[in-house]
Number of protein chains: 2
Amino acid sequence: MSARVLIVDDILPNVKLLEAKLSTEYYEVLTATSGKEALEKVASDNPDIVLLDVMMPGMDGFEVCSIIKGNPETAHIPVVMVTALTDAQDKVRGLEAGADDFLSKPINDTALMARVRSLVRLKMALDEWRVRENAANQFGAVSESPSVMTEPVEGARVLVIEDKEYEKTKIAETLMRDHNIVMGAESGPKGMELIAKYDFDIVMVSLNLNGEDGLRLCSHLKSNERTRSVPIVMIAEQDDMIYVAHGLEIGAHDYILRPLDKNELLARVRTQIRRKRFQERLRSTYEISLNMALTDSLTGLYNRRYFEVHLDKLLQKNKASRKALAVILLDIDHFKKVNDTYGHNVGDEVLKIFAQRLTGSLRSFDLVARLGGEEFVVVLPDISKERSYIVAERLRRSIADAPFPCNTPEGTLKVTTSLGGAVIEAGGYEIHEILDRADKCLYEAKHGGRNCTVFEGEGKIDPAKYQESARISYEDEEGAAGAASSSP
Amino acid sequence: MSARVLIVDDILPNVKLLEAKLSTEYYEVLTATSGKEALEKVASDNPDIVLLDVMMPGMDGFEVCSIIKGNPETAHIPVVMVTALTDAQDKVRGLEAGADDFLSKPINDTALMARVRSLVRLKMALDEWRVRENAANQFGAVSESPSVMTEPVEGARVLVIEDKEYEKTKIAETLMRDHNIVMGAESGPKGMELIAKYDFDIVMVSLNLNGEDGLRLCSHLKSNERTRSVPIVMIAEQDDMIYVAHGLEIGAHDYILRPLDKNELLARVRTQIRRKRFQERLRSTYEISLNMALTDSLTGLYNRRYFEVHLDKLLQKNKASRKALAVILLDIDHFKKVNDTYGHNVGDEVLKIFAQRLTGSLRSFDLVARLGGEEFVVVLPDISKERSYIVAERLRRSIADAPFPCNTPEGTLKVTTSLGGAVIEAGGYEIHEILDRADKCLYEAKHGGRNCTVFEGEGKIDPAKYQESARISYEDEEGAAGAASSSP
């Protein structure tokens, strides 16, 4: 995949050399010869990756990297530090500034290309999600501004596949400093057993396993949908670079060379954990917004939008099966007075408890939704008239029988509800028509003294006649599987 | 990127040969020796790509491909037909069955690997979105089941960058059969000029441009965020395969070899258009659900969720700027009676017109939302007490002054609204507190005869006193930029 690469180095021949190499591979190359110019180009030209010289007069590479990674707008852009330094401490300093990797001068072409390709690929996968997240943010759906650098790096689950016992122990001890949960496996098959049982946030794979090809293991993890997005960090010898490059092509995210430097190890693992958690958060934003679209935030019940889509589906199903379906509208009696007397907070408490009691009195495949204000609806699929009267009465009593625990001077509040129902025998009705029919009954219930149930064709339901009995067990009702579940 | 490849061929040595090649490159390989077995493995093992022999006894490759591509569950899996046939007609038959490409036996390794890598990459980019789309579907947010094969293939905008006039003409004439809009450019720079001006659905690039490197052009398109997702189809000579393979690596989606076969051209372009449109639809699902989460479906106004997030932001801003902010609650008078008398349809009409009139009477940065039922709220940032009384009265009159055109026997309905307002001078209040304060005024307005405005500390607003005049122009109000816009 082609991409836009920003090369930053104060020595022009270095810039030209890298530019030539990357250009031959059809990358678009931008250049900068100082930290200041680099930051300007990062802001204006949207590079997909930055190759950043460490030693520059004025602002050095560490500082430039910190600024790029400290800004939520640019933190997702991969930065590779290019350096003549081989001191582990400098490496760690760069990684802690947020650098994604290090390349040592003179630059090895294989390592360079493999690293650039791999980091660009990771960035592009994130880009799609970032755009959506930004949209969600502007809408106010998400409260905090996201940045990969502010993700927590502790408490991750790490699997280490390594047959050198002392290395495994060293890695485990080091990673436990960050309160990670570390498990070890001494071979690929043992590792796969653990992967089958547990979800890991990161897998470290030795490329020097005895009698095993570590890359085969990486490839297997990358080919399985369940493990595909789990970052892999390879552990390799200094002269394994071609092998490591192949691993990056396959989809491993990073590598660390022996002898393992503890701080470098910690820094690289942190980078992977951060990136994985960032990606997961971007994904969950989507699910949150989807959920928000279809539920009522106060009661957690489905909202009118969901209700209308699903009632429509249930009606179509009923038309096919020729079974009856009941629609019951509920309206809390004198609710306006609750708000006016005790304030909105108490009103909200009442709505929440009301919703809980309804849900608690229904089968899992009955549908309950809040239509708005103090109006709720319940749909009972595959039910007889008589049984729907019983359920409606049960709902009415679940509200009226015990006062609501509320933040009123008395600590409780007596609440009642009026119910209006219609039983649809055969399909072919419009949603509005059915709601109107139930609503007419609700109107009668309201004007018939409230705290009562009126059904179309039946009038006011006699509580004594349709009390629940052992004889008619609603819960034992069969054959209604596959309907919508009552709670989101 | 590693992936799971399904090889289908009835001749075992062919299977073994391909398996060895792909396995060396660390792909996970599955095999099948008949069409039936292939379909079983496609269903059970989630391959990322299928290499499918055409000539098999029983069910041949065309049929297998048609079944894979005809099933919405599997249509996204790329299929490459492997064949000894070189007949253009057979090729087209395969492409029309939905195949993504053809490889001729004996298989050229460069072509094979480049094709597999490229198609796997495209699939994985789509996979993320497919998972979300499925979730949205289950929730009922989206009505139709999506399949890449059912996307329309006509009416796309195509740019052809080709300096051979007769080829350009041939391509344009061919693609216009599908009612595509085709534009031509005889060089890269001319092409880029058109791309800067228009959005294209697909760009065809000749790799044999005089004095130009077509791949450089592809790379440029792939490096720019605006053009990155536009599919590129390369046009190349038969012996350009290594060059073509490089193009696929860079990110071009497909290629066609000269001499151009019109039907093959049409089939390949259709595949790209379909895939692009599918991808766009998956993306738009996200935006639709986001929008659904924050707006009221009936009136199109923002909903309570959006209102609460934004009022909170406005309050914080006000606290900093120390400017006043007005919150006005509106409740349609006797709305229940409208529903009871004329039915829900008329009630819905009233709510829609009510919302339109409110929006029409406000500044673009005022916030208006439907809280539920017949209750609405308006927030006016950066406003004085006196001006907020004027706006409230203007809103009241916008409802009361002209009857609503409605589906009642009379064709219209007289509607009025009561308003309760509070002006917040300095921040530090909770949303609920502010709503309660406005709600108390609304209660007074309701009990003070309705169709009137009550403000905290001011009581009932005198319509004569706070009538709009040329002297106090609300629209000229400055300094409130950056607040939320009144309509989503």
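Residues numbered from 1 in each chain as written. Chains lettered and ligands numbered in written order. Predicted model: local features only at pLDDT ≥ 70, side-chain atom pairs only at ≥ 80, totals over all residues. Heavy atoms only, no water.

### Let's talk about the overall build of chain A
Here comes step 1: The number of helices and strands found in chain A is 15 helices and 18 strands.
Here comes step 2: On the principal axes, the C-alpha backbone points of chain A span a range of 90 × 50 × 50 Å.
Here comes step 3: For chain A, with 488 residues in total, the buried portion stands at 58%.
Here comes step 4: A sequence separation of at least 24 residues applies to 69% of the contacts in chain A between residues at least 6 apart.
Here comes step 5: Charged side chains of chain A number 62 positive and 77 negative; the gap between the two group centres comes to 3 Å. (Helix = DSSP H or I, 4+ residues; strand = E, 2+ residues; numbered from the N terminus. Buried < 20%, exposed > 50% of the residue type's maximum accessible area, 1.4 Å probe, protein only. Contact = heavy atoms within 4.5 Å. Lys, Arg positive; Asp, Glu negative; His and termini not counted. Charge placed at Lys NZ, Arg CZ, Asp CG, Glu CD.)

### Description of the sheet that holds strand S18 (residues 459–460) of chain B
Residues and elements named next belong to chain B.
Here comes step 1: Spatially, the 6 strands line up as an open sheet ordered S12-S13-S11-S16-S17-S18, and their pairing is mixed. Of all strands in the sheet, those bounded by a partner on one side alone are strand S12 (367–372) and S18.
Here comes step 2: The sheet contact formed by strand S16 (residues 417–424) and strand S17 (residues 453–455) spans 3 bridges and is parallel. Along S17, the bridge assignment pairs Leu-419 with Thr-453. (Pairing = 2+ DSSP bridges.)

### Quick look at the packing of helix H12 (residues 335–342) of chain A against helix H13 (residues 344–360) of chain A
All names here are of chain A.
Here comes step 1: It is the contact of H12 with H13, at a shortest axis distance of 6 Å, that shows an interaxial angle of 140°. With respect to H13, the axis of H12 lies oblique. Here Phe-335, Val-338, Asn-339 and Tyr-342 of H12 lie close against H13, whose contacting residues are His-344, Val-346, Gly-347, Val-350 and Leu-351.
Here comes step 2: Per-class residue counts for the contact of H12 with H13 are 6 nonpolar, 3 polar and no charged. (Axes fitted to C-alpha atoms, helices over the stretch in contact; angles between N-to-C directions. Parallel < 35°, antiparallel > 145°, perpendicular 65-115°, else oblique. Nonpolar A, V, L, I, M, F, W, Y, C, P; charged D, E, K, R; others polar.)

### Brief notes about the packing of helix H15 (residues 431–447) of chain A against helix H13 (residues 344–360) of chain B
Here comes step 1: Relative to each other, H15(A) and H13(B) sit at 105°, their axes nearing to 10 Å. With respect to each other, H15(A) and H13(B) are oriented roughly perpendicular. Residues A:His432, A:Asp436 and A:Asp439 of H15(A) pack against B:His344, B:Asn345 and B:Asp348 of H13(B).
Here comes step 2: Across the contact of H15(A) with H13(B), the residue classes break down as no nonpolar, 3 polar and 3 charged.

### A word on the sheet that holds strand S2 (residues 28–32) of chain A
The pairing of strands in a sheet happens through backbone hydrogen bonds and is either parallel or antiparallel.
All names here are of chain A.
Here comes step 1: If you trace the 5 strands from one edge of the open sheet to the other, you get S2-S1-S3-S4-S5, paired in parallel fashion. This sheet does not close on itself; its edge strands, each paired only once, are S2 and strand S5 (101–104). On average, adjacent strands in this sheet sit at an angle of 20° to one another, irrespective of strand direction.
Here comes step 2: Two elements, strand S3 (residues 49–53) and strand S4 (residues 79–83), share 4 bridges in a ladder whose sense is parallel. The residue bridging Leu-52 from the neighbouring strand is Met-81, located in S4.
Here comes step 3: Its contacts with the sheet place helix H4 (residues 88–96) against S4 and S5, and it is angled at close to 140° to S5.

### A few points about the relation of the copies chain A and chain B
Here comes step 1: Least-squares fitting of chain A to chain B yields an RMSD of 0.1 Å, with the transformation described by 0.1 Å of translation along the axis and a rotation of 180°. As the rotation angle and translation indicate, the two copies are arranged about a two-fold axis. Relative to the rotation axis, the closest C-alpha in chain A is found at A:Ala293, a distance of 1.8 Å.
Here comes step 2: Of the interface residues in chain A, 100% have counterparts in chain B that sit at the interface too, so the contact is made through matching surfaces. (Least-squares fit on C-alpha atoms with pLDDT ≥ 70 in both.)

### Quick look at the domain arrangement of chain A
Here comes step 1: The assigned domain composition of chain A is domain 1 (1–107), domain 2 (132–292) and domain 3 (304–483).
Here comes step 2: Placing the centre of domain 1 of chain A and that of domain 3 of chain A at their C-alpha centroids yields a distance of 64 Å. (Domains from an automatic or database assignment.)

### Topic: the environment of A:Thr416
All names here are of chain A.
Here comes step 1: With respect to the secondary-structure elements, Thr-416 resides in the loop between strand S15 (412–413) and strand S16 (417–424).
Here comes step 2: Separated by 84 residues in the primary sequence, Thr-416 and Ile-332 place their C-alpha atoms 6.1 Å from one another.
Here comes step 3: Contact partners of Thr-416, with chain neighbours within four places excluded, come to Ile-332, Asp-333, Ile-399, Ala-400 and Asn-451.
Here comes step 4: In this structure the side chain of Thr-416 is engaged in a polar contact, spanning 2.6 Å, whose partner is the side chain of Asp-333. (Polar contact = N/O pair within 3.5 Å; in protein donor to acceptor, adjacent residues only side chain to side chain.)

### A word on the interface of chain A and chain B
Here comes step 1: In this assembly, 68 residues from chain A lie in contact with 68 residues from chain B.
Here comes step 2: Taken together, the links from chain A to chain B amount to 4 salt bridges.
Here comes step 3: Among the salt bridges present, the one from B:Lys336 reaches A:Asp331, with a minimum N-O distance of 3.8 Å.
Here comes step 4: Where chain A touches chain B, the interface holds 28 residue pairs in polar contact (both at pLDDT 80 or more).
Here comes step 5: Contributing elements (two or more residues each) for the side of chain A that touches chain B: helix H5 (109–138), helix H8 (214–223), helix H9 (241–250), helix H10 (262–294), helix H11 (304–321), H12, H13 and H15 of chain A.
Here comes step 6: Considering each element in turn, the side of chain A that touches chain B owes the most residues, 11 residues, to H10(A).
Here comes step 7: Its residues assigned to classes, the side of chain A that touches chain B comprises 21 nonpolar, 23 polar and 24 charged. (Salt bridge = Lys/Arg side-chain N within 4 Å of Asp/Glu carboxyl O.)

### A word on helix H11 (residues 304–321) of chain B
Residue and element names in this part refer to chain B.
Here comes step 1: In this model, H11 (18 residues) spans 25 Å end to end at C-alpha, consistent with the 26 Å of a helix rising 1.5 Å per residue.
Here comes step 2: Listed in full, the buried residues belonging to H11 are Arg-305, Tyr-306, Phe-307, His-310, Leu-311, Leu-314, Leu-315 and Asn-318.
Here comes step 3: Here H11 starts with a cap whose side-chain oxygen sits 3.0 Å from the backbone nitrogen of Tyr-306, and that cap is Asn-303.
Here comes step 4: With its phi angle positive at about 60°, Arg-322 sits one or two positions after the end of H11. (Expected span 1.5 Å × (residues − 1).)

### Describing the pattern of salt bridges
Here comes step 1: As enumerated under the stated definition, the model contains 78 salt bridges over all chains in all.
Here comes step 2: A salt bridge links B:Glu28 to B:Arg4; the shortest N-O distance between them is 3.9 Å. A residue pair is termed long-range when its members are at least 10 positions apart, and B:Glu28 in strand S2 (residues 28–32) and B:Arg4 in strand S1 (residues 4–8) qualify at 24 residues.
Here comes step 3: Take B:Arg4: its relative accessible area is 13%, and that puts it in the buried class.
Here comes step 4: A network of salt bridges, in which partner residues are shared, links A:Lys91, A:Asp101, A:Arg115, A:Asp254, A:Glu264 and A:Arg268.

### Side note on the side chain of A:Asn339
Residue and element names in this part refer to chain A.
Here comes step 1: Along the chain, Asn-339 turns up in helix H12.
Here comes step 2: With a relative accessible area of 15%, Asn-339 lands in the buried category.
Here comes step 3: Contacts of Asn-339, omitting those with residues within four sequence positions, involve His-344 and Gly-347.

### What to know about the pairing of S16(B)
Along any regular strand the residues' side chains alternate between the sheet's two faces.
Residues and elements named next belong to chain B.
Here comes step 1: Counting buried residues along S16, 8 of its 8 residues qualify, which places the element largely inside the surrounding structure.
Here comes step 2: Covered by surrounding structure in S16 are Thr-417, Leu-419, Gly-421 and Val-423 together with Ser-418, Gly-420, Ala-422 and Ile-424, the residues of both alternating faces.
Here comes step 3: As judged from the 8 bridges shared by strand S11 (residues 325–332) and S16, these two strands associate in the antiparallel manner. Its bridge partner lying in S16, Ile-332 is registered against Thr-417.

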